[in-house]
Amino acid sequence: MSDALVPEHLLLAVDHVGIAVPDLDDALEFYASTFGLHAVHEEVNEEQGVREAMLAVGDQSQGPQGTRIQLLAPLSEESTIAKFIARNGQGIQQLAYRVADIEAVSQILRDRGVRLLYDAPRRGTSDSRVNFVHPKDAGGVLVELVEPAH
């Protein structure tokens, strides 16, 4: 891809911050009673091994395009989130950016020498398409790329 075709900004917005929690119901209660935040979406993602909830933050006039906090609880001790909690304790697990075209952004990043965790995007929350930048290539941060479902 020539530099003339590469957009100046690959990332459109911060989509969400993912927080690993051992118990989703406890975390939902904490965020509601402490910060007044409530789930706007909940689901089980078997492929990712999590039960998750999206909490809307701030002005909700943007609808599903607004900033979210994603609470991620493991479905089993073998899930990536369970291993993260065992290693690091509960807390911020990833920073997710919204992209318009996940394949194009993924290819540009690969061309720039960045490793992605998956060869092809996988299903994320609400049928979005996701991939992750390896933390060793992003300053120790697990960066998620999210292309929302259309």
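Scroll up to find the structure this text is about.
Residues numbered from 1 in each chain as written. Predicted model: local features only at pLDDT ≥ 70, side-chain atom pairs only at ≥ 80, totals over all residues. Heavy atoms only, no water.

Draft legend 1. Region of the structure containing the nonpolar core. Membership of the largest hydrophobic core is limited to 12 residues, which are Ile19, Val21, Leu24, Ala27, Leu28, Tyr31, Leu37, Ala53, Leu55, Ile69, Leu71 and Ala73. Those elements that place two or more of their residues in this core are α1 (24-35), β3 (50-56) and β4 (68-74). With four residues, the top contributor of residues to this core is α1. Here Leu71 is in contact with Ile19, Val21, Leu24, Ala27, Leu28, Tyr31, Arg51, Glu52, Ala53 and Leu55, once residues within four sequence places are set aside. (Core = buried A, V, L, I, M, F, W, Y, C linked by side-chain atoms within 4.5 Å. Buried < 20%, exposed > 50% of the residue type's maximum accessible area, 1.4 Å probe, protein only. Helix = DSSP H or I, 4+ residues; strand = E, 2+ residues; numbered from the N terminus. Contact = heavy atoms within 4.5 Å.)

Draft legend 2. Local environment of the pairing of β3. With six of seven residues buried, β3 lies mostly within the body of the structure. Bridging between strand β2 (residues 39-45) and β3 involves six bridges; their strand directions are antiparallel. Considered in β3, the bridge of Ala39 is made with Leu55. The turn joining β2 and β3, which pair antiparallel and follow one another in sequence, is formed by four residues; a positive phi near 75° is taken by Gly49. One ladder, built from seven bridges, connects β3 with β4; its direction is antiparallel. Bridging across to β4, Ala53 finds its partner in Leu71. (Pairing = 2+ DSSP bridges.)

Draft legend 3. Region of the structure containing the sheet that holds strand β6 (residues 122-123). Strand order in the open sheet formed by eight strands is β2-β3-β4-β1-β5-β8-β7-β6, with mixed pairing between adjacent strands. Two strands lie at the open edges of the sheet, namely β2 and β6, each paired on one side alone. Strand contacts of α1: β1 (13-20), β2, β3 and β4, with the helix running at about 10° to β3, the strand carrying the most contacts. Each of β7 (129-133) and β8 (143-147) is contacted by helix α3 (residues 102-111), which is oriented at about 15° to β7, the strand it contacts most. (Axes fitted to C-alpha atoms, helices over the stretch in contact; angles between N-to-C directions.)

Draft legend 4. Helix α2 (residues 80-88), seen in detail. Looking at α2, one finds that the buried residues are Ile81, Ala82, Phe84 and Ile85. End-on, the buried residues of α2 take up no more than an arc of 160°, which puts them together on one face. Across α2 from its buried face, at more than 90 degrees, point the exposed residues Thr80, Ala86 and Arg87. Looking at the packing, one finds that the buried side of α2 touches β1, β3, β4 and β5 (91-98). Within two residues after α2, Gly89 carries a phi angle of roughly 80°, on the positive side. (Arc of directions from axis to C-beta.)

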